[in-house]
Amino acid sequence: MAGPWQVCPNPGLAKQRIAALTQRYVTVECLGDRLADLPHQFHHPQPRRWNPVNWADISPEQVSGISLDTFCAILLGTINTEAPIRGYTQASRQYLEQFYPQMAQFVGGIVDRDGQVVAPGLWEREEKRHTPALITLYKKLTGKAPDPVPHSARPYTPSGNPRADLYRHGLHRIATEYGAACLYLWMMAYTTGPLQAVLGELLIDEINHMTKFWGFGRWAYPETSLGMIVGTLFQAMVQKWRQPNLQGSLIHTLRRMTTELAWEQWNFSHRLTLLYTFDQVMRVLWRWERSLTPAYLTALFGPNPTHA
């Protein structure tokens with residue numbers, strides 16, 4: 001799926017494979033299709049079916065260009081990150097439900113009067129497949145079960161300004177989905193066979209969710225420009241630089257993720273190719289972003305109730 005394969009791909013070939021995967025999985029047409037699917041999922045939520053995977057044939061020989069120990073350390077980090085999906089979905093539901101109940105139900109499902117989930121949302125139903133799949137990969141590659149230490153999802157933390165809270169939370173959610181998509185695409189460049197196929201299914205899910213959150217956010221906050229988004233992210237990083245361990249800050253998230261993904265074990269070329277992946281995916285997102293005009297988003301989701 002990524003083009004030519006060598007037992008030990010050099011950085012140049014790894015970049016070629018990343019570019020090929022980006023062209024295959026992240027296109028303007030694909031992103032547009034995934035966003036246009038969201039209104040349908042509000043009324044008829046159906047989890048995307050995964051393609052069949054030959055789990056029995058997954059083996060360590062399908063990893064190349066990176067040490068197996070490092071690759072499995074990254075897998076363990078993804079397990080720790082993906083595991084608290086219920087916490088993610090319920091925080092997002094609470095930020096959304098006051099303004100956009102349909103989107104709140106899409107991510108967080110239906111809850112009873114005590115706040116207990118009685119029907120999970122589509123986002124949770126699709127994302128909760130990831131941890132078991134990653135655990136199976138880890139077992140196949142190491143011959144043992146992982147010893148995960150899932151981190152806690154940041155709970156709903158209102159500040160008294162619900163619209164601003166939702167805006168910041170939405171940016172954080174988009175950033176994490178984008179990061180996950182880029183990481184799985186990068187991992188695919190160093191794998192082949194059924195192992196790569198499983199990562200491909202995870203990648204498709206993350207692209208789907210990232211696209212839906214991004215597009216819905218542009219509709220929910222039509223006054224926001226790309227410059228404002230970048231500025232808000234930068235401001236959040238600068239303001240919390242002196243409190244890097246403050247849970248929920250971007251700096252805290254970045255530092256936690258580099259620890260989770262065993263960043264200290266990565267060599268220089270691996271770090272460069274991951275940055276290249278971020279760049280390749282973002283270039284497509286910027287092109288797609290131009291299609292998200294107010295008229296198109298209104299036709300897709302209807303008038304924004306907060307701007308009526």
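## So, a nonpolar patch on the surface
A cluster of nonpolar side chains, namely F268, L272 and L275, defines an oily patch on the protein surface of about 330 Å² accessible area. Within the secondary structure layout, L272 lies in helix α13 (residues 268-289). Residue L272 is classed as partly exposed on the basis of its relative accessible area, which comes to 43%.

## Overview of the side chain of T277
Tracing the chain through its elements places T277 in helix α13. Ignoring any residue separated from it by four or fewer positions in sequence, one finds T277 in contact with I18, C182, L185 and W186.

## Some points on the layout of surface pockets
One number sums up the size of the second largest pocket: a volume of about 180 Å³. Those elements giving two or more residues to the lining of the second largest pocket turn out to be α10 (193-220) and α14 (294-301). Looking at which element gives the most residues to the lining of the second largest pocket, the answer is α14, with three residues.

## Quick look at the nonpolar core
One finds M103, W186 and F216 to be the most contacted residues of the largest nonpolar core, which totals 76 residues. Ranked by residue count, the leading element in this core is helix α9 (residues 162-189), at 15 residues. Excluding residues that lie within four positions of it along the chain, M103 makes contacts with L38, F42, L96, K212, F213 and F216.

## Examining the confidence of the model for the chain
Confidence in the prediction for the chain averages 88 pLDDT; 86% of positions are at 70 or higher. Every residue in residues 237-248 is under pLDDT 50, and counting partners more than four places away or in other chains gives 18 contacts.

Calculation criteria
- Residues numbered from 1 in each chain as written.
- Predicted model: local features only at pLDDT ≥ 70, side-chain atom pairs only at ≥ 80, totals over all residues.
- Heavy atoms only, no water.
- Patch = residues over 30% accessible without salt bridge, like charges linked within 9 Å, V, L, I, M, F, W, Y side chains within 5 Å.
- Areas by Shrake-Rupley, 256 points an atom, 1.4 Å probe, with all protein chains shown as cover.
- Salt bridge = Lys/Arg side-chain N within 4 Å of Asp/Glu carboxyl O.
- Helix = DSSP H or I, 4+ residues; strand = E, 2+ residues; numbered from the N terminus.
- Buried < 20%, exposed > 50% of the residue type's maximum accessible area, 1.4 Å probe, protein only.
- Contact = heavy atoms within 4.5 Å.
- 1 Å grid on protein atoms, 1.4 Å probe; cavity = no way out; pocket = protein on both sides within 12 Å on 5 of 7 lines; lining within 4 Å.
- Points joined across faces, edges and corners; volume = space filled by probe spheres on them.
- Core = buried A, V, L, I, M, F, W, Y, C linked by side-chain atoms within 4.5 Å.
- pLDDT = per-residue confidence, 0-100.

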